[in-house]
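Descriptive structure summary
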Amino acid sequence: AMVSALVTGQSASVRAFSSPALARRVSSILRNRPISAIYAFSGQMAQFVPAYTQARFVMDFVDMDSAKFEQFARDGSGLSAFANAQEAKRLFAFERSIANRAHVSTFVSEAEAALFRQRTGLGADRVVALENGIDLDSYNPALPRSPEPARQKPLIVFTGQMDYAPNVEAVRIFATEVMPLIRARNSSATFAIVGRAPTAEVQSLAMLPGVIVTGGVPD
């Protein structure tokens, strides 16, 4: 994907998810079935929405990925910083072109949406926040709860993909800077880092008092 991006001038993130077979399949469906609305999740999937379609197009970017590559470039050095800076420029050009085609683009927070509106010049009618939801069937605070066991320790859980740089940074800061403050008030408090593919840095946090790293779990 990186080599192809260098040759074509496209975003490596987009090239990494390219699939001519999938593009043909989507195009065939759109030509032969009365699809009235298209919802694309994650910017890399937008490449499979043909420009010719007349369907209503909702683009859920979730995050402004190009801004993350800008940060990686600022925090890095040498060839890595250069590559991330180039990716940030190319990916933003792609994001902007897709947003100009979409009827509405959504982001996970108002902060992300505001940044995208500022960068693209699109208005609040075209770029909105669509925050994360919660499964109220499973986590409804109005439902009756079983009494907590008398000896249950306070448990704080972070769940996510644990080789994703922003998640790694989040748990590192919480485990090293916040947990000591909490445990100074309650020495039985525990912080569980739950999610697949923890990096070596994340795994090393399990050596800290009150920190657990589980890796992937079924539920």
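The following paragraphs examine the structure supplied in this document. Sequence order sets the numbering: in each chain, residues are counted from 1 along the sequence as written. Side-chain atom pairs in this predicted model are given and counted only at pLDDT of 80 or more, local residue features only at pLDDT of at least 70, and totals for whole chains, interfaces and linings cover all residues. No hydrogens and no water enter the side-chain calculation; it runs on all heavy atoms of the structure.

**Looking at the overall build of the chain**
- A helix here means a DSSP run of H or I that spans at least four residues, while a strand means a run of E at least two residues long, and both kinds are numbered starting from the N terminus. From N to C terminus, the chain includes eight helices and seven strands.
- The size measure is the radius of gyration over C-alpha atoms, and the globule rule it meets is 2.2 Å times the number of residues to the 0.38 power. Relative to a compact globule of 219 residues, whose C-alpha radius of gyration would be 17 Å, the chain shows 21 Å and is clearly more extended.
- Only protein chains enter the area calculation, which uses a 1.4 Å probe; residues under 20% of their type maximum are buried, those over 50% are exposed, and those in between are partly exposed. When each of the 219 residues of the chain is scored for burial, the buried share is 32%.
- Counted over contacts in the chain with a minimum sequence separation of 6, partners at least 24 positions apart contribute 51%.
- Accessible surface computed for the chain: about 13800 Å², of which carbon and sulfur atoms make up 56%.
- Across the chain, 22 positive and 19 negative side-chain charges occur, with their mean positions spaced 6 Å apart. Contacts are residue-level and defined by heavy atoms, with any inter-residue pair within 4.5 Å sufficient. Here, Shrake-Rupley sampling with a 1.4 Å probe gives the accessible areas, and only protein chains in the shown set may cover a residue. By the counting scheme adopted, Arg and Lys are positive, Glu and Asp are negative, and His together with the chain ends is not counted. Every charge is mapped onto a representative atom, which is NZ of Lys, CZ of Arg, CG of Asp or CD of Glu.

**A word on the sheet that holds strand β6 (residues 190–194)**
- Spatial ordering of the open sheet is given by β5-β6-β7, a layout of three strands whose pairing is parallel. Both outer strands of the open sheet, β5 (155–159) and β7 (211–215), are each paired with one neighbouring strand and no more. In this sheet, neighbouring strand axes are inclined to one another by 20 degrees on average, regardless of whether the strands run parallel or antiparallel.
- Criterion used throughout: strands pair if DSSP finds at least two bridges between them. Of the strand pairs in this sheet, β5 and β6 are connected by five bridges, and their pairing is parallel. Residue pairing in the sheet places V157 in a bridge with A192 of β6. Note on geometry: axes are C-alpha line fits, over the in-contact stretch for helices, and angles between N-to-C directions span 0 to 180 degrees.

**Quick look at the packing of aromatic side chains**
- Aromatic contacts are taken between Phe, Tyr and Trp rings whose centres are within 6.5 Å, Trp giving its six-membered ring; a plane angle under 30 degrees counts as stacked, one over 60 as edge-to-face, and the others as tilted. This model, assessed by the stated rule, comprises five aromatic pairs.
- Seen from their ring centres, F61 and F116 are 5.3 Å apart, and the 40 degrees between their planes marks the pair as tilted. Of this pair, F61 sits in strand β2 (residues 56–62) while F116 sits in helix α6 (residues 110–120), placing them 55 residues apart in sequence. Of the two residues, F61 and F116, neither departs from the other in class, the shared state being buried.
- An angle of 50 degrees between the planes, with centres 4.7 Å apart, marks the rings of F174 and F191 as tilted.

**Some remarks on the nonpolar core**
- Judged by nonpolar contacts, the single largest core of 25 residues is most densely connected at F57, M59, F61, I98, F107 and F116.
- Elements that contribute at least two residues to this core include exactly β1 (37–41), β2, α4 (65–75), α5 (78–101) and α6.
- In terms of residues, this core owes the most to one element, α5, which gives six residues.
- Formed by 11 residues, the second largest nonpolar core is a distinct cluster that contains A189, F191, I193 and V211. To qualify as a nonpolar core, a set must consist of buried Ala, Val, Leu, Ile, Met, Phe, Trp, Tyr and Cys residues joined through side-chain atoms within 4.5 Å.

**Overview of the packing of α4 against α5**
- One can describe the packing of α4 onto α5 by two numbers: an axis separation of 8 Å at closest approach and a directional angle of 165 degrees. The orientation of α4 with respect to α5, classified from their angle, is roughly antiparallel. α5 is crossed by α4, and the crossing has left-handed handedness. Note on element contacts: α5 touches α4 through A81, N84, A85, E87, A88, L91, F92 and E95, opposite D65, S66, F69, E70, F72 and A73.
- Just so you know the grouping, Ala, Val, Leu, Ile, Met, Phe, Trp, Tyr, Cys and Pro go in nonpolar, Asp, Glu, Lys and Arg go in charged, and all remaining residues, Gly too, go in polar. Its residues assigned to classes, the contact of α4 with α5 shows eight nonpolar, two polar and four charged. The cut-offs work like this: below 35 degrees is roughly parallel, past 145 is roughly antiparallel, 65 to 115 is roughly perpendicular, and the gaps in between are oblique. By definition, turning the near helix anticlockwise from the far helix through less than a right angle yields a left-handed crossing, and turning it clockwise yields a right-handed one.

**Here's the deal with α5**
- Every helix has an expected span of 1.5 Å times one less than the residues it contains. In this model α5 runs 35 Å from its N-terminal to its C-terminal C-alpha over 24 residues, within 8% of the 34 Å that 1.5 Å per residue would give.
- What α5 keeps buried is the set A81, N84, E87, A88, L91, F92, F94, E95, I98 and A99.
- Where α5 is buried, its residues meet α2 (12–16), β2, α4, β3 (104–107) and α6.

**Considering the pairing of β1**
- Along β1, the buried face is formed by I38 and A40; none of A37, Y39 and F41, which line the opposite face, is buried.
- One ladder, built from five bridges, connects β1 with β2; its direction is parallel. By the bridge assignment for β2, F41 is matched with D60.

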